[in-house]
Amino acid sequence: MTVTTEQTLETGQDEQFIGRLILIDPLDFDPEGKKKDAPIVIDPFNHRKKRTTGEGDTTGEEDTTQPDPALIASVEALGVQQAIILRPQVGKHEGKLGIVIGQRRTTAAHRVATQAREEGRSYRKVPAIVRDDLQGVDDEALIISMVENIHRKQATAQDDLEAAQQLALMVNVKRVPKARKRQMAAAIGRTVEELDAAHKVAQLTPETLGDLNEDEVDFDWVELGDLQEVEDVDGALNILVKAKARDEAEGTGKRGAWKQAVETLRARKAREERIEQVRAGLTGRGIDVVPFVDNWQAFGITRPLDELLTEVDRPLTEQVHEETCPGHAAAVNPEDGEVVWLCIGWKKNGHKLANEPEAADAGSGEVDEKAAARAKAEEVKKEAEREHGRVIRKNNEAWRVARTVREAHIADMCKEKSEAPAAVKELVMRTLLAGGSHVGQFANATEKLRETRGQLLSKFLADDRLSRVGEDVISALITRTAAKRYWWVLFAYVAALHEAMHMKDDAWRGEPHYHYGHNRPNHEAGPIRPATVEWVSFLKTYGYSPSEIEEQTLVLARQQAEEQAEREAREAEAREARKAEREAREAAADAEPDAGAEPDTDAEPDAGADAE
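Source: prediction; values computed, not measured.

S.K.: Help me get a handle on the overall build of the protein, residues and values and all.
M.R.: The helix and strand tally for the protein stands at 21 helices and twelve strands. Considering the protein as a whole, with its 612 residues, one finds that 41% of them fall into the buried category. Considering only contacts in the protein between residues 6 or more positions apart, those separated by 24 or more positions represent 67%. Put simply, the protein shows about 35100 Å² of open surface, and 50% of that area lies on carbon and sulfur atoms.

Here is the structure:
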């Protein structure tokens, strides 16, 4: 190694920085990492260095950027003007110096020196500061390298992600204190949450990264981490781009639409994985799995078993059919993972349609038209019921997905340190003092409801002890709660009440059994409960972004209220009309003389008669 100058540097009173200023020969550096005897190497934790393991092993890997022509021209004309930073290496490169900052400048100087040597010309050395204090301190070296490159276009997104993954691993292994973690994140222009998400972001596939670059999508690391979880779900990137746009339009900074979209995609991914497991299980049993279709009638030779009968008009069960029929098969509904048992070639296999009309006369071949009409009507009814069931299952799942996001939002509200605002206090008082029978039911809960109540309180107040709401637990909660936080504790209780009593899976339907019983005809639902509308609307005022199913429920509730108001107005108008008609009849009756009454003999004689 060629060293022409060495000087110890100290920066003011900061004893943490001690460096040696040297000049290095750029030919001592091997940019491609192929010369084992090169005294200058790329530091394993240089931000620009590709990594293949969590320990910084980069054997055989090249850096992700190269000096551009402008930089090479500048170095050739003026040399490297800004000192690079090196640190002593440990491990397999012990005794060498590794470049922490200045890889592109050194590479440019190496190219200029190589060309100059070939042409017999002189070349400039590269100024460098050797940081002995960074020897073995990998996280500090990585942060310094990231800060250097963070605002340069040449540092690619993948550079950032791979380096951040290394930093996150080191932070987790060393269990860095929160304050130090915040300092590290701030140094590279990120948040602690982004740093925590870096390990997921670094696992994004090249295809996804390509889509992000092509579409010029600007996600932060938290968002990229969420995307990584669901990137294999069809349309995930497009859905999340739209969700972020909605959040930016709202301007609340709450990521409400984003959270709803991510949770929906997670549920979809879980459903797809569950369906794949079901398919694999069926295939493992030797059952033929065919694609699912909505209308099996149009499919011809294949029908569900619940539409078929045996030759002796007995229902076909899955077990019996599997044991006796070569046409046994199954399809998996992609919406809910439900298995539909089928027979392929049901006619050939000797089955009958359950609602198939019989001939009017034996052997005539003519089908009774009324029987055919009844069979068709029955099939239409069954299809309507199946479709109704599909809608119920789909919307119930959407409501459950929304619950996860909604309850997380409530938990965030309950973390508030300052005293609750007036609207929260008003909600608490109105619910507890005028909440009707549900308040008593919630307070004197059954075992199942008591368990739900404890789980919700534990989640909202971030205290696992509250999962069992005993007198000792409540006393301890009161003791450790500051006076200005009392209202938030009460709010958590009221929130648990609303979630448990008014936000059940089928609340989007109007929960007909609350109003009209289970036997309401034609699957009609009662009106949406006012408490459901009030609760979602209240949370909206505090930054909650309702899911699509919740917004649809609010819209339906408004429509129902308008329709109810119109009905009441018509009924009031009709009552007024009947009242006016009755009063008119009574007035007319009072004005007519009584036909059965005797003439009045005492009446005065007609004045006209006297005149005659």
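That covers the picture; the talk isn't over yet.
S.K.: Mind laying out the nonpolar core, listing which residues take part and the relevant values?
M.R.: I410, F460, F491, W535 and F538 are the most contacted members of the largest nonpolar core, which totals 42 residues. Elements represented by at least two residues in this core include exactly α12 (369-414), α13 (422-434), α14 (437-443), α15 (447-460), α16 (471-480), α17 (486-502), α19 (530-541) and α20 (548-591). A total of ten residues in this core trace back to one element, the largest contributor, which is α17. In contact with F491, other than residues within four places in its own chain, are I410, M413, C414, V424, L427, V428, W535 and F538. L209, F219, W221 and A243 belong to the second-largest nonpolar core, a separate cluster that totals 23 residues.

S.K.: Tell me about the pattern of salt bridges, residues and numbers included.
M.R.: One pass over the structure, following the stated rule, counts 36 salt bridges. Salt-bridge contacts for R255 lead to D220; the nearest nitrogen and oxygen are separated by 2.9 Å. Linking R255 in the loop between α9 (236-250) and α10 (256-284) with D220 in the loop between α7 (206-214) and α8 (221-230), this pair joins segments that are 35 residues apart in sequence. A relative accessible area of 27% means that R255 is categorised as partly exposed. Here D313 ties to K352 by a salt bridge, and the two come within 3.3 Å at their closest N and O atoms. Placement of D313 in the loop between β9 (308-309) and α11 (318-324) and of K352 in strand β12 (residues 352-353) is noted, with a sequence separation of 39 residues between them. On the basis of relative accessible area, K352 is assigned to the partly exposed category, the value being 34%. Through salt bridges with shared partners, a single ionic network connects K200, D226, E229, E263 and R266.

S.K.: How would you summarise the packing of α8 against α9 if you had to cite specific residues and measurements?
M.R.: Packing of α8 against α9 leaves a shortest axis separation of 10 Å and a crossing angle of 150°. On the basis of the axis angle, α8 is roughly antiparallel to α9. Crossing of α8 against α9: the hand is right-handed. Counted together, E223, L227 and V230 of α8 and A236, L237, L240 and K244 of α9 form the full contact between these two elements. Looking at the contact of α8 with α9 residue by residue, the classes come out as five nonpolar, no polar and two charged.

S.K.: A description of the state of the cysteines should follow, citing residues and the corresponding values.
M.R.: Using the criterion set out here, one finds zero disulfides in the structure. Of the cysteine sulfurs around C325, a residue in no disulfide, the closest is that of C343, at 3.7 Å. Owing to a relative accessible area of 8%, C325 belongs among the buried residues under this scheme.

S.K.: Account for a positive patch on the surface, naming residues and giving values.
M.R.: A surface patch of positive charge is lined by R575, R578, K579 and R582. Take K579: it is sitting in helix α20.

S.K.: How would you summarise the packing of aromatic side chains if you had to cite specific residues and measurements?
M.R.: Centre-to-centre distance and the angle between the planes together describe a pair of aromatic rings. Inspection of every chain in the model, using the stated rule, returns eight aromatic pairs. Between F292 and W296, the ring centres sit 6.1 Å apart and the planes meet at 90°, which makes this aromatic pair edge-to-face. Judged by relative accessible area, which is 19%, F292 ranks as buried. Taking the centre distance of 6.1 Å and the plane angle of 40° together, the rings of F491 and W535 count as tilted. Note that F491 is positioned in helix α17 and W535 in helix α19, a separation of 44 residues in sequence. Given a relative accessible area of 0%, F491 falls into the buried group. Each residue in the set W488, F491, W535, F538 and Y542 is aromatic and connected to the rest through ring pairs, giving one cluster. Against the face of W399 rests R406, its NZ or CZ located 5.8 Å from the ring centre. Its guanidinium or amino end placed over the ring of F442, R453 lies 5.8 Å from that ring's centre, counting from NZ or CZ.

Criteria and cut-off values
Residues numbered from 1 in each chain as written. Predicted model: local features only at pLDDT ≥ 70, side-chain atom pairs only at ≥ 80, totals over all residues. Heavy atoms only, no water. Helix = DSSP H or I, 4+ residues; strand = E, 2+ residues; numbered from the N terminus. Buried < 20%, exposed > 50% of the residue type's maximum accessible area, 1.4 Å probe, protein only. Contact = heavy atoms within 4.5 Å. Areas by Shrake-Rupley, 256 points an atom, 1.4 Å probe, with all protein chains shown as cover. Core = buried A, V, L, I, M, F, W, Y, C linked by side-chain atoms within 4.5 Å. Salt bridge = Lys/Arg side-chain N within 4 Å of Asp/Glu carboxyl O. Axes fitted to C-alpha atoms, helices over the stretch in contact; angles between N-to-C directions. Parallel < 35°, antiparallel > 145°, perpendicular 65-115°, else oblique. Left-handed = near helix turned anticlockwise from the far one by under 90°. Nonpolar A, V, L, I, M, F, W, Y, C, P; charged D, E, K, R; others polar. Disulfide = S-S within 2.5 Å. Patch = residues over 30% accessible without salt bridge, like charges linked within 9 Å, V, L, I, M, F, W, Y side chains within 5 Å. Lys, Arg positive; Asp, Glu negative; His and termini not counted. Charge placed at Lys NZ, Arg CZ, Asp CG, Glu CD. Phe/Tyr/Trp six-rings, centres within 6.5 Å; stacked < 30°, edge-to-face > 60°. Lys NZ or Arg CZ within 6 Å of the ring centre and 35° of its normal.

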